[in-house]
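Here is what each chain is made of, one letter per residue.
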Amino acid sequence: MKRYTAETVYTLAGEPLRHAFVEVEEDGTIARTGICPPSEKVDEGVLCPGFVNAHCHVELSYMKGLFRKGTGMAGFIDQINALRDTSSMEDKLQALKEAMDSMWDQGVQAMADISNCADSFTTKASHPMYTRTFLEVFGAQPSECEEVMDGVRKLQAQAHALGLDAAPTPHSCYTMSPELVSASSAAGLRDGFLSFHSEESDEEEQMMMTGSGPMWDNRVANGIPTPPVTGTSSLEYFLMRLRAAGLPEPVQGHVLLVHECCLTAEGAALAKRVLAQPFLAVCPLSNLFIHKMLPPIPVMKESGIPICIGTDSLSSNDDLNLLAEMECLQEAFGLSLEEVLGWACLNGARFLGKEDVLGTLEPGKKPGVVRILNHKSIRVC
């Protein structure tokens, strides 16, 4: 039995415990929490459950430090197209292992990760961190739909052979034909989970609503098919494609709407009507990196849709540090530590369907234990 003490213990299963302890079995199972005797000296900092990184692209970790900041989405897409696959496989695998090890050491217990290939599978399969892999698909030509879906099903079989939870997911409204958005969404939801990049920037909304702006011009200039101009937000377009897939409403499954920097109250209300279990994933440092914008946290909170926190990738972030994301949100929106920990721990666990194991410091669970001290998070168990 191991015993950890702190000035404050955030169990996230009730009120924070002051001058308190967490006792943990040798296998990591929480045995009990409680208040220390007044005479017992406790360690500095706070204790909390392990974090859940709700949105990451760990296979892009080899791109760290290569990108210019503040280019907007069109400029960012140009950079990622130019720099993707410019490193050796050995360097890629080393970078993603280092990234996962660093996240683990900083207290990340689980991750919802985007994959476009099998590069990360072996590392994930042998790593102590739990991962659910979203196999992201692209394809702007309707004629490509079945071929793309055949390819992602083969990728899913590779992941399953290694014991990984993995299923198809759509990328975004502007990189896919309407048919592929519907087909990949239906395939992912058969597994119960979906992740979708939505309303990431004003440029994306301008492209979808008016057929203009930097992202539209970028696609035209590069001979890339443009998405349908719907006159609606990219979120509403996505929800329309779920309806087109013939999925009965409210659509069942855990659906993660990633970024949502342009979310409105009306859009959030529509998402709650169409989706049985919507979640929001915010990646504030990535949003600042690319287009100097933050998600509308007040609108998100008012909507009542559970908020999770992600880091995005090292192509659009200086680090995969979930505590830094929390501190950014606290500073920008005046949030309490307890509130952002709820997003980073419990809500992420709920999205992954792992709240029976992760997310809170409760007896019988194995969420990991993290100490936060001096702007650093350190795994203690």
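Everything here concerns the structure above.
Everything quoted here is computed from the prediction, not taken from an experiment.

How each quantity is defined
Residues numbered from 1 in each chain as written. Predicted model: local features only at pLDDT ≥ 70, side-chain atom pairs only at ≥ 80, totals over all residues. Heavy atoms only, no water. Helix = DSSP H or I, 4+ residues; strand = E, 2+ residues; numbered from the N terminus. Rg over C-alpha atoms; globule rule 2.2 N^0.38 Å. Buried < 20%, exposed > 50% of the residue type's maximum accessible area, 1.4 Å probe, protein only. Contact = heavy atoms within 4.5 Å. Areas by Shrake-Rupley, 256 points an atom, 1.4 Å probe, with all protein chains shown as cover. Lys, Arg positive; Asp, Glu negative; His and termini not counted. Charge placed at Lys NZ, Arg CZ, Asp CG, Glu CD. Phe/Tyr/Trp six-rings, centres within 6.5 Å; stacked < 30°, edge-to-face > 60°. Core = buried A, V, L, I, M, F, W, Y, C linked by side-chain atoms within 4.5 Å. Arc of directions from axis to C-beta. Axes fitted to C-alpha atoms, helices over the stretch in contact; angles between N-to-C directions. Parallel < 35°, antiparallel > 145°, perpendicular 65-115°, else oblique. Nonpolar A, V, L, I, M, F, W, Y, C, P; charged D, E, K, R; others polar. 1 Å grid on protein atoms, 1.4 Å probe; cavity = no way out; pocket = protein on both sides within 12 Å on 5 of 7 lines; lining within 4 Å. Points joined across faces, edges and corners; volume = space filled by probe spheres on them. Pairing = 2+ DSSP bridges. Right-handed = clockwise from strand over helix to strand, strands pointing away.

Some words on the overall build of the chain
- Summing up its helical and strand segments, the chain has 13 helices and 14 strands in all.
- Here the chain has a C-alpha radius of gyration of 21 Å; the compact-globule value for 381 residues is 21 Å, and the two agree.
- Relative to its full complement of 381 residues, the chain shows a buried share of 59%.
- By sequence separation, contacts in the chain at least 24 residues apart represent 68% of the contacts at least 6 residues apart.
- For the chain, the exposed area adds up to about 14,900 Å²; of that, 51% sits on carbon and sulfur atoms.
- Between the centroid of the 30 positive side chains of the chain and the centroid of its 50 negative side chains there is a distance of 4 Å.

Remarks on the packing of aromatic side chains
- Scanning the entire structure with this criterion turns up five aromatic pairs.
- Measuring from ring centre to ring centre gives 6.0 Å for Phe-134 and Phe-351, while their planes differ by 20°; the resulting arrangement is stacked. Of this pair, Phe-134 sits in strand S7 (residues 130-137) while Phe-351 is found in helix H13 (residues 337-351), placing the two residues 217 residues apart along the sequence.
- Judged by its relative accessible area of 2%, Phe-134 is buried.
- Measuring from centroid to centroid gives 5.5 Å for Phe-279 and Phe-351, while their planes differ by 65°, and the two rings are edge-to-face. Taken together, the residues Phe-279 in strand S11 (residues 275-282) and Phe-351 in helix H13 connect sequence positions 72 residues apart.

Description of the nonpolar core
- Phe-51, Met-103, Phe-238, Leu-239, Leu-275 and Leu-341 are the most contacted members of the largest nonpolar core, which totals 87 residues.
- Look past the residues within four positions of Leu-341 in its chain and what remains in contact with it is Tyr-10, Leu-12, Cys-48, Phe-51, Met-326, Leu-346 and Ile-372.
- Core analysis: the second largest hydrophobic core is formed by 17 residues, Phe-134, Leu-256, Cys-308 and Phe-351 among them.

Looking at helix H9 (residues 265-274)
- What H9 keeps buried is the set Gly-267, Ala-268, Leu-270, Ala-271 and Val-274. Projection of H9 onto a plane perpendicular to its axis shows the buried side chains occupying an angular sector of 160°, all on one side. Exposed and facing more than 90 degrees away from the buried side of H9 are Glu-266 and Arg-273.
- Looking at the packing, one finds that the buried side of H9 touches helix H8 (234-244), strand S10 (251-259), S11 and helix H11 (297-303).

A look at the packing of helix H5 (residues 178-190) against H8
- Two numbers describe how H5 lies on H8: the axes approach to 8 Å, and their chain directions differ by 70°. For the element pair H5 / H8, the angle class is roughly perpendicular. Of H8, the residues touching H5 (which contributes Pro-178, Glu-179, Val-181, Ser-182, Ser-185 and Leu-189) are Tyr-237, Phe-238, Arg-241, Leu-242 and Ala-244.
- Here the residues of the contact of H5 with H8 are counted per class, giving seven nonpolar, two polar and two charged.

A word on the layout of surface pockets
- Roughly 500 Å³ of volume is contained in the largest pocket.
- Ile-77, Ile-80, Arg-84, Phe-138 and His-171 are the residues nearest the centre of the largest pocket, which is lined by 25 residues in total.
- It is helix H1 (residues 72-83) that contributes the most residues to the lining of the largest pocket, five residues altogether.

Concerning H8
- For H8, every residue scored as buried is listed here: Ser-234, Leu-235, Tyr-237, Phe-238, Leu-239, Arg-241 and Leu-242.
- Of the residues one or two after H8, Gly-246 is the one with positive phi, at around 80°.

Some thoughts on the pairing of S7
- Counting buried residues in S7 gives seven out of eight residues, a clear majority hidden from the surface.
- Two strands pair when backbone bridges link them, and strand S6 (residues 108-115) and S7 are joined in this way by six bridges, in the parallel orientation. Residue pairing across strands places Ala-110 opposite Tyr-130, the latter belonging to S7.
- Where the polypeptide runs from S6 across helix H3 (residues 121-126) and back to S7, its parallel neighbour, the crossover connection is right-handed.
- Strand direction decides the pairing type here: S7 and strand S8 (residues 165-170), joined by six bridges, are parallel. Looking at S8, one finds that Glu-136 is bridged to Thr-169.
- Once you follow S7 into helix H4 (residues 145-161) and on to S8, the crossover reads as right-handed.

Thoughts on empty space enclosed by the protein
- Inspection of every chain in the model, using the stated rule, returns one cavity of 30 Å³ or more.
- In this structure, the largest cavity occupies an estimated 50 Å³ of space.
- Looking at the largest cavity, the residues that line it are Ala-74, Ile-77, Asn-81, Tyr-174, Met-215, Asn-218, Arg-219 and Ile-224.
- When contributions to the lining of the largest cavity are tallied by element, the ones reaching two or more residues are H1 and helix H7 (214-221).
- Here the lining of the largest cavity is built from residues that sort into five nonpolar, two polar and one charged.

Topic: the sheet that holds S7
- On the basis of which strands lie adjacent, the open sheet formed by four strands has the order S5-S6-S7-S8 and parallel pairing. Strands at the two margins of the open sheet, each flanked by one partner only, are strand S5 (51-56) and S8. In this sheet, adjacent strand axes meet at a mean angle of 20° when their direction is disregarded.
- Note: S5 against S6, four bridges, orientation parallel. The residue of S6 that forms the bridge with Val-52 is Ala-110.
- The strands that H13 touches are S5, S6 and S7; relative to S5, the one it contacts most, it runs at about 70°.

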